[in-house]
4 protein chains.
Amino acid sequence: MASYRGVIPPVLTPLHTDGSLDLESLDRLVDHLIDGGVDGLFALGSSGQVAYFTDAERDTVVTRVAERAAGRVPVLVGTPDFTARRMAEQAVRAVDNGADSIVVTAPLYALNDTDEVNRHFRMVAAAVDVPVFAYDVPVRVHSKLGLGMLMDLAKDGVIAGVKDSSGDDVAFRRLVDANAAAGSPLSVLTGHEVMVDGMYLLGADGAVPGLGNVDPAGYARMWELAQAGDWVGVRAEQDRLDKLFEIVFVPQGRSGDAGGIGAFKAALEIMGVIESGAMPAPLEGLSPADHEAIGAILSEVGLR
Amino acid sequence: MASYRGVIPPVLTPLHTDGSLDLESLDRLVDHLIDGGVDGLFALGSSGQVAYFTDAERDTVVTRVAERAAGRVPVLVGTPDFTARRMAEQAVRAVDNGADSIVVTAPLYALNDTDEVNRHFRMVAAAVDVPVFAYDVPVRVHSKLGLGMLMDLAKDGVIAGVKDSSGDDVAFRRLVDANAAAGSPLSVLTGHEVMVDGMYLLGADGAVPGLGNVDPAGYARMWELAQAGDWVGVRAEQDRLDKLFEIVFVPQGRSGDAGGIGAFKAALEIMGVIESGAMPAPLEGLSPADHEAIGAILSEVGLR
Amino acid sequence: MASYRGVIPPVLTPLHTDGSLDLESLDRLVDHLIDGGVDGLFALGSSGQVAYFTDAERDTVVTRVAERAAGRVPVLVGTPDFTARRMAEQAVRAVDNGADSIVVTAPLYALNDTDEVNRHFRMVAAAVDVPVFAYDVPVRVHSKLGLGMLMDLAKDGVIAGVKDSSGDDVAFRRLVDANAAAGSPLSVLTGHEVMVDGMYLLGADGAVPGLGNVDPAGYARMWELAQAGDWVGVRAEQDRLDKLFEIVFVPQGRSGDAGGIGAFKAALEIMGVIESGAMPAPLEGLSPADHEAIGAILSEVGLR
Amino acid sequence: MASYRGVIPPVLTPLHTDGSLDLESLDRLVDHLIDGGVDGLFALGSSGQVAYFTDAERDTVVTRVAERAAGRVPVLVGTPDFTARRMAEQAVRAVDNGADSIVVTAPLYALNDTDEVNRHFRMVAAAVDVPVFAYDVPVRVHSKLGLGMLMDLAKDGVIAGVKDSSGDDVAFRRLVDANAAAGSPLSVLTGHEVMVDGMYLLGADGAVPGLGNVDPAGYARMWELAQAGDWVGVRAEQDRLDKLFEIVFVPQGRSGDAGGIGAFKAALEIMGVIESGAMPAPLEGLSPADHEAIGAILSEVGLR
C-alpha cells in the first residue's frame, strides 16, 4: 500500500457562479495540489461536496481529475449512495472514468446491523478490481464503523485502507494498534486536519486534510518531517496549519456544509487558484466580509 | 386535497428469491390494497425498501404500480436521494413513469440549516408539476422538519402535505393545529400504524401504515369509522390492528430494516399475496420459525 | 389504582425574586390546582425545577405541598438523583415529609444496561412502602425505559404506574396495550399536554400536564369528557388548551429549562396565583415583552 | 499550575463484597499510585464510580484519600450533582474533607444554554477557594463544553484546568491551541488513556487515565519521556499500555459502567492491591473467566 501513504487531500469541486462545474479551475487545483507535494487525490469526498452533484457531474469530475493527474499521483474516488448495489454502480462508473481506488461509506438511509454492513462492503468491493477504502464518517452517515468489522474486512482483503473522519480518537488509536498487530493490511488515514501531528506519532499512515486544498505544501512538509522522526518539527508545522484552519471559523451562523468548505473555496479564490468560491444550491457562498477576514488570515500565515 | 386523505399504505416491493423484482407479486399486492379499500398507494417509501434498489429498478416499480393502479387510486412516489438536484432527477423520472405526486425528504449526507432545507424543497418542487409531500423521517434522514418551515412551504403552495414518521407526538399535534389555523393547505398524514386512532381524533388527515400492506381493509374500516365520528369503533379497530402489529416483534436480534419489513413480507407470503418474503441483499429473509410465529398471529386476528 | 387516574399536574415551585422559596405562593398554587379539579399533585417534577433545588429545599417543598393538600388529593413526589441508593435516600425523605407516592427515573450519569436499570427500580422501591411510578424522560435522563422491563416491574408489583414524557408515541401506545393485556397493573400517564385527547382515546389513564398549572380546570374538564365518552368535546377542549400552550413559544432563544417553565410561571404571575415568575439561578426570568405577549394569549383563551 | 501537570489518575473506589467501602484497600491503592510516581489523585471521578455512592460515602472517601495522600500529591475531587447550588454544596464538603481542588461538570438533568452553563461554573467556583477544573464528559452529562465558554472562564480565572473526556480530538486540539494563545491559563488534561502519546505531542499538560490505577508507573514514565522530548520512547510506552488496555474488552455484553471499571478493579484484585473487585449495586462484578483472561493480559505486559 505504499502508494496510499502520506497526504491525500479531498479535492474541492470548483463551480462557476451559475453553479456549473468549473473544469479549468479544477485543473488548476489539481496542479496546485500535486505541485504542493501531495501523495494522492481524493475526488468526490465530503469536501468535494459530492452530495450536491448529479451522476453526470460526478462522471465529469472524476474524468477530469484523472486526466489532469495523469498518473502523477493516484486518484481515489468517493462513491457515496444509499446501499451496496447503488454504490457498486457508482464504483464501476468511477473506475471506468479513471479512479485508481474507491472510497466507500456504510449504507445511508438504511438501518443495518454490523453483519449487514460487513456484507455491504463485500458487495461493493466485488464490483470493482481496484483497492477499496472504508470511509468512516458518522457525522454524515450516522453510524460508526466498528473495529472488529474493519479488521475482518482487512484480513479478507476486502478493504485496503480506512479514511477516518469519525473524530473518535480512542477508536482511531485502537484501529491503528489492531492494524499493526495484524501485519498492517490497512492504510489508516486521519481526516482531521488539526490533529495530524498526534496521529502521525501514534502511527497513522497518512492524512486526508480538507485544509490541504489551501496549503498542500504545509501538509507535505509535515509528512516528511514525520517520516524523518522530527516530531518537534511536525508539531511546529501543525501549529502553523492550525492557525490557517481558523478560516473555517470566520463564517458565523452558517450550516455545516456552508461554513467550512465555503472558507476553503474562498481562500482558493483569494489565492487565485480557482475562479470563484461559488457553492452548489441550496448553499450560498460566503459574504465579502468573510472573504476579507479569510484573506487576512491567509496573509498572516504567509499564503498571500 | 380530498384525493390525499385516508389510508395510503407504503407499498412493499416483492422480490424473487434471487433478489430480482417480482412484478406479478407486485400486481397482486396492488390489487390486494385497492380491493381492501385504501385511498392511495405510496410506492418507493421506506417500507418499499427504496434504499436498496437501483434507479432502473425504481423506474420499473413505479411504472408497474401506476399501470396496475390504473387510476383507481392516486400513486405517490418516494424520491429519496442526497440533495435537491439529485432528487429533482428522481422526481422527474417518477412523474414520467406515472407518479401522481412525489414524496420528498430533507437532504441526506448533507449538513444543512433550516433555510437551506427550505430552499431544497422549493428546488425539488420546481422540477415537477405534481403535488409534493414532505416526508419527515428523522430515523433515516437524521434531521427533523421544523413546524415553521413546513407552514412556510405550505403557505407558498410548495408542498401539499406532510407524511410524518418522526414519532414525535408533540410536533405532530402542533403541525395539525398550525395547518388548521392556516386554512388546511396541507394533508397531514401519520406514518405510525399503531397510533392512528389517537391521531385521527386530533385531526390527522390520514395514515400511511406499513402494516396496511397486511390488512388494508382494517385500516380502511378505521378511517370510515373516524369519518363517521364513531370513536369507540375507531379505537376497537386500532386495538385489533395493534395485535396484528406484534408480527414485527417476532424476529429477534434483527436490524431495523430486516425485522419489521421482513415480518410484513413474511405475512404477505403466508397469506398468498406475494410469492416470497425475500429481502434485498445484504438483508436476509426471516427464518422458518419466524414465519411460523407470524402465521400464528395472522390466524389469531382472523387474517388466515 | 383509582386514586392515580386523571389529571395530576407537575406543581411549579414559586420563588421570590431573590431565588428563595415562596411558600405562600406555593400554597395558593396548590389551592388553584385542587380548586380546578385535579386528581393529584406531582411535586418536584421537571416542571417543578427539581434539579435546581438543594435537598433542604426539596424537603421544604414536599412538606408544604403535603400540608396544603391535606389529603384532598394524593401527592406524588419526584426523587431524581444519580443512582438507586441515592434515590432511595431521596425517597425515604420524601415519604417522611408526606409523599403519598414517589416518581423514580432511570439512573443518571451512570451507563447501565436494561438488567441494571431493572434492579435499580427494585432497589429504590424496596426502600419505601408507597406506590412507585417510573418516570420516562429521555430528554433529561438520556435513556428510554423499555416496554419489557416496565411490564416486568409491573407484574412483580414494583411499580404502580408510568409517567411518560418520552414523546415517543409508538412506545406509549404499545405500553398502554401491554398494560391492558396484563390486567392493567399500571396507571399509564402521559406527560405531553398538547396530545392528551388522542392519548385518552387510546387508553391513557391520565395526564401530567405542565400547562395544567395554568389551566387546571381545562384539563379536569377534558378528563371528565373523556370519561363520559364525549370525544368531540375532548378534542374541542384540547384545541383550546393548545392555543393556550402557545405561551411557551413566546420566549425566543431561551434554553429548554428557561423558556417553557418560564412561560408557565409568567402566566401564573399575571393571573395573580403566584407572586413572581422568578427562576432559579443560573436561569433568568422572562422579559417584560414576553410577559406582555403571554398576557395577550391568556386574554385570548379567557384566563384573564 | 505546575502542580496540576502530569499524571493524575481517577482513583477507583474499592468495596467489600457486601458493597461497603473498603478503606484499607483504598489506602493501598493510594500508596500504589503515589509510589508509581503519579502527580496527583482525582477522587470521585467517573472511574471512582461517584454516581453510585451516597453523600456520606463521598465524604468518607475524600477524607481517607486526603489523609493517606498526606500532601505527597494534590487531591482533586469530583463534585457531580444536578446543578450549581447542589454542586456548590458538594464542593464545600469536599474542600472541608481535604480536597485541594474540585472537578466540576456541566449541569445534569437540566437543559441549559451556553450562557447558563457559563454562569453555572461561576456559581460553583464562587463557593470555594480552591482551583476548579471543568470536566467535559458528554457521554455522561450529554452536553459538550464549548471552546469559547472554556476560554472565557479561563480568562476570568474561574477555572484552572479542563479534564477532557469528550473523545473529540478536534475540539481538544483547538482547546490546547487557544489556551496556548491565551498564555496558558489552563492545565489541559486528556482523559483517554490510549491516546496520551499523541496528546502530549500536541501540547496536553497531562493525563487522567483510568488505566493509570493499574499501571501508574507506566504513565509516569511516559510523562517523563514526553518532558524529555523522547517521542519515540513516549510512543513505545503508549503501545505497551494499549496492550494492557485490552483488559477492558475482556468482559462481553456488559454495560458501560460494569465492563471497563470492572476490569480495572479485577486487575487490581489480581495484583493484590485491593481486596476485591466488587462493584456497587446494581452493577455486578466480573466473572471468574473474565478474571482469568485479565490475569493473562497482566502477565503478558509484565504486571504480574
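See the structure printed just above.
Residues numbered from 1 in each chain as written. Chains lettered and ligands numbered in written order. Predicted model: local features only at pLDDT ≥ 70, side-chain atom pairs only at ≥ 80, totals over all residues. Heavy atoms only, no water.

Novice: How would you sum up the environment of B:Ser25? Please name residues and give values.
Specialist: Residue and element names in this part refer to chain B. Position of Ser25 among the secondary structure elements: in helix H1 (residues 23-36). As a C-alpha pair, Ser25 and Gly203 span 178 residues in sequence and 35 Å in three-dimensional space. The residues touching Ser25, leaving out its near neighbours within four places in the chain, are Pro14, Val273, Ile274 and Glu275. Within the structure, the side chain of Ser25 is placed 2.9 Å from the backbone nitrogen of Glu275, a separation counted as a polar contact. (Helix = DSSP H or I, 4+ residues; strand = E, 2+ residues; numbered from the N terminus. Contact = heavy atoms within 4.5 Å. Polar contact = N/O pair within 3.5 Å; in protein donor to acceptor, adjacent residues only side chain to side chain.)

Novice: Report on the relation of the copies chain A and chain D, specifying residues and quantitative values.
Specialist: In the superposition of chain A on chain D (RMSD 0.0 Å, axial shift 0.0 Å), the rotation amounts to 180°. Here the copies are linked by what is in effect a two-fold axis. Of every C-alpha in chain A, the one belonging to A:Gly198 sits nearest the axis of rotation, 1.9 Å from it. A shared binding surface is used by both copies, with 100% of the interface residues of chain A retained as interface residues in chain D. (Least-squares fit on C-alpha atoms with pLDDT ≥ 70 in both.)

Novice: Run through the pairing of strand E6 (residues 161-164) of chain D, naming residues and quoting values.
Specialist: Residues and elements named next belong to chain D. Burial of the side chains of E6 extends over both faces: Gly161 and Lys163 are buried on one face and Val162 and Asp164 on the other. The sheet contact formed by strand E5 (residues 132-136) and E6 spans four bridges and is parallel. What sits directly across from Asp136, in E6, is Asp164. Two elements, E6 and strand E7 (residues 187-190), share four bridges in a ladder whose sense is parallel. What sits directly across from Asp164, in E7, is Thr190. Taking the sense of rotation as the criterion, the β-α-β connection linking E6, helix H7 (residues 169-181) and E7 turns out right-handed. (Buried < 20%, exposed > 50% of the residue type's maximum accessible area, 1.4 Å probe, protein only. Pairing = 2+ DSSP bridges. Right-handed = clockwise from strand over helix to strand, strands pointing away.)

Novice: Describe the packing of helix H9 (residues 216-227) of chain B against helix H10 (residues 231-245) of chain B, listing the residues and the values that go with them.
Specialist: Residue and element names in this part refer to chain B. The contact between H9 and H10 brings their axes to 8 Å, and the two run at 165°. Between H9 and H10, the interaxial angle falls into the category roughly antiparallel. You can see that H9 and H10 cross each other, and the crossing is left-handed. Contacts between H9 and H10 involve Gly218, Tyr219, Arg221, Met222, Leu225 and Ala226 from the former and Trp231, Gly233, Val234, Glu237, Gln238, Arg240 and Leu241 from the latter. In the contact of H9 with H10, the residues fall into seven nonpolar, three polar and three charged. (Axes fitted to C-alpha atoms, helices over the stretch in contact; angles between N-to-C directions. Parallel < 35°, antiparallel > 145°, perpendicular 65-115°, else oblique. Left-handed = near helix turned anticlockwise from the far one by under 90°. Nonpolar A, V, L, I, M, F, W, Y, C, P; charged D, E, K, R; others polar.)

Novice: Explain the sheet that holds strand E1 (residues 6-7) of chain A to me, using residue names and the numbers behind them.
Specialist: All names here are of chain A. One open sheet accounts for eight strands, arranged E1-E8-E7-E6-E5-E4-E3-E2; its pairing is parallel. At either end of the open sheet lies a strand with only one pairing partner, and these are E1 and strand E2 (41-43). Note that E2 and strand E3 (residues 75-78) share three bridges and pair parallel. Residue pairing in the sheet places Leu41 in a bridge with Val75 of E3. Contacting strand E6 (161-164) and strand E7 (187-190), helix H7 (residues 169-181) crosses the sheet at an angle of about 160° to E7.

Novice: So, the arrangement of the chains: which residues are in play, and what are the values?
Specialist: A minimum C-alpha distance of 14 Å separates chain A and chain C, which share no contact. Nowhere do chain B and chain D come into contact; their C-alpha atoms are at least 14 Å apart.

Novice: Kindly report on the relation of the copies chain D and chain C, identifying the contributing residues and their values.
Specialist: When chain D is fitted onto chain C, the two copies agree to an RMSD of 0.0 Å after a turn of 180° and an axial shift of 0.0 Å. A high fraction, 100%, of the interface residues of chain D reappear at the interface in chain C, so the copies pair face to face through one surface.

Novice: Help me get a handle on the nonpolar core, residues and values and all.
Specialist: In terms of nonpolar packing, the biggest core is built from 449 residues, with A:Ile247, B:Ile247, C:Ile247 and D:Ile247 touching the most fellow members. Leave out the neighbours within four places in its chain, and B:Ile247 touches B:Leu211, B:Val214, B:Ala263, B:Phe264, B:Ala267, B:Ile294 and B:Ile297. (Core = buried A, V, L, I, M, F, W, Y, C linked by side-chain atoms within 4.5 Å.)

Novice: If you had to explain helix H9 (residues 216-227) of chain A to someone new, which residues and values would you point to?
Specialist: Along an α-helix, residues three or four apart share an orientation, since each turn contains 3.6 residues. Residues and elements named next belong to chain A. Here H9 spans 17 Å end to end across 12 residues, near enough to the 16 Å set by a 1.5 Å rise per residue. Turning to H9, its buried residues are Pro216, Gly218, Tyr219, Ala220, Met222, Trp223 and Ala226. Backbone geometry just after H9 places Gly229 at a positive phi near 75°. (Expected span 1.5 Å × (residues − 1).)

Novice: Describe in detail the side chain of B:Ser276, supporting the description with residues and values.
Specialist: All names here are of chain B. On the secondary structure map, Ser276 appears in the loop between helix H11 (256-270) and helix H12 (288-300). Within the structure, the side chain of Ser276 is placed 2.9 Å from the backbone nitrogen of Ala278, a separation counted as a polar contact. When residues no more than four places from it in sequence are discounted, the contact partners of Ser276 are Leu15, Thr17 and Glu269.

Novice: Give a description of the interface of chain A and chain D that names residues and reports values.
Specialist: Counting residues at the interface gives 24 residues for chain A, matched by 24 residues for chain D. In total, about 2200 Å² of surface goes out of reach between chain A and chain D, with carbon and sulfur atoms giving 58% of it. Between D:Asp242 and A:Arg173 there is a salt bridge, with the nearest N and O atoms lying 3.0 Å from each other. On inspection of chain A and its partner chain D, the count reaches 14 residue pairs in polar contact (both at pLDDT 80 or more). (Buried area = accessible area lost by both parts, 1.4 Å probe. Salt bridge = Lys/Arg side-chain N within 4 Å of Asp/Glu carboxyl O.)

Novice: Let's hear about the environment of D:Leu225: which residues, and what values?
Specialist: Residue and element names in this part refer to chain D. Position of Leu225 relative to the elements: it lies in helix H9 (residues 216-227). Owing to a relative accessible area of 23%, Leu225 belongs among the partly exposed residues under this scheme. Leu225 has contacts with Asp230, Gly233, Val234 and Glu237, leaving out every residue within four places of it along the chain.

Novice: An account of the interface of chain D and chain C is requested, with residue identities and associated values reported.
Specialist: In this assembly, 44 residues from chain D lie in contact with 44 residues from chain C. Of the roughly 3800 Å² buried between chain D and chain C, counting both surfaces, carbon and sulfur atoms make up 55%. When the area that chain D buries against chain C is broken down by residue, the three leading residues are D:Arg86, D:Tyr109 and D:Leu111, summing to 22%. Counting every contact that joins chain D to chain C gives eight salt bridges. We note a salt bridge from C:Arg86 to D:Asp55, for which the minimum N-O separation is 2.9 Å. Where chain D meets chain C, there are 28 residue pairs in polar contact (both at pLDDT 80 or more). Broken down by secondary-structure element, the contributors of at least two residues to the side of chain D that touches chain C are helix H2 (55-69), helix H3 (84-96), helix H4 (114-126), helix H5 (138-141) and helix H11 (256-270) of chain D.

Novice: Lay out the pairing of E5(D) in plain terms, naming residues and giving numbers.
Specialist: All names here are of chain D. E5 sits mainly inside the fold: five of its five residues count as buried. A two-sided burial pattern is seen for E5, the buried positions comprising Val132, Ala134 and Asp136 on one face and Phe133 and Tyr135 on the other. As defined by bridge partners, strand E4 (residues 101-105) adjoins E5 across four bridges and the pair is classed as parallel. Each residue of the ladder has a partner; that of Val104, found in E5, is Ala134. Between E4 and its parallel partner E5, the chain crosses via H4, and the hand of that crossover is right-handed.

Novice: Break down the pattern of salt bridges for me, with residues and values.
Specialist: Applying the stated rule across the entire model yields 104 salt bridges over all chains. The closest approach of N and O atoms between D:Arg119 and C:Glu284, which form a salt bridge, is 3.5 Å. In this pair, D:Arg119 is assigned in helix H4 and C:Glu284 in the loop between helix H11 (256-270) and helix H12 (288-300), connecting two distinct chains. The class of C:Glu284 is partly exposed, set by a relative accessible area of 43%. Each member of the salt-bridge network shares a partner with another, and the members are A:Asp55, A:Asp59, A:Asp81, A:Arg86, A:Arg93, B:Asp55, B:Asp59, B:Asp81, B:Arg86 and B:Arg93.

Novice: Hey, could you go over the sheet that holds strand E6 (residues 161-164) of chain B for me, with residue numbers and the actual values?
Specialist: Residues and elements named next belong to chain B. Strands sit in the order E1-E8-E7-E6-E5-E4-E3-E2 across an open sheet of eight strands; the sheet is parallel. For this open sheet the edge positions go to strand E1 (6-7) and strand E2 (41-43), each flanked by a neighbour on one side alone. Running at roughly 170° to strand E3 (residues 75-78), helix H2 (residues 55-69) makes contact with E2 and E3 of the sheet.

Novice: Would you mind going over unusual backbone geometry in detail, with residue names and values included?
Specialist: Residues and elements named next belong to chain B. The peptide bond linking Ala281 to Pro282 adopts the cis configuration, its omega dihedral lying at 5°. Mapped onto the elements of the fold, Pro282 is located in the loop between H11 and H12. Backbone geometry places Leu44, a non-glycine residue, at a positive phi of 60°. Residue Leu44 is classed as buried on the basis of its relative accessible area of 3%. Phi at Tyr109 takes a positive value of approximately 70°, unusual for a residue other than glycine. Given a relative accessible area of 3%, Tyr109 falls into the buried group.

Novice: Account for the packing of aromatic side chains, with residues named and values stated.
Specialist: Residue and element names in this part refer to chain B. Scanning the entire structure with this criterion turns up 22 aromatic pairs over all chains. Between Phe82 and Tyr109, the aromatic rings sit 5.4 Å apart at their centres with planes inclined by 15°, giving stacked as the arrangement. Of this pair, Phe82 sits in the loop between E3 and helix H3 (84-96) while Tyr109 sits in the loop between strand E4 (101-105) and helix H4 (114-126), and the two are 27 residues apart along the sequence. Each of the two residues, Phe82 as well as Tyr109, counts as buried. (Phe/Tyr/Trp six-rings, centres within 6.5 Å; stacked < 30°, edge-to-face > 60°.)

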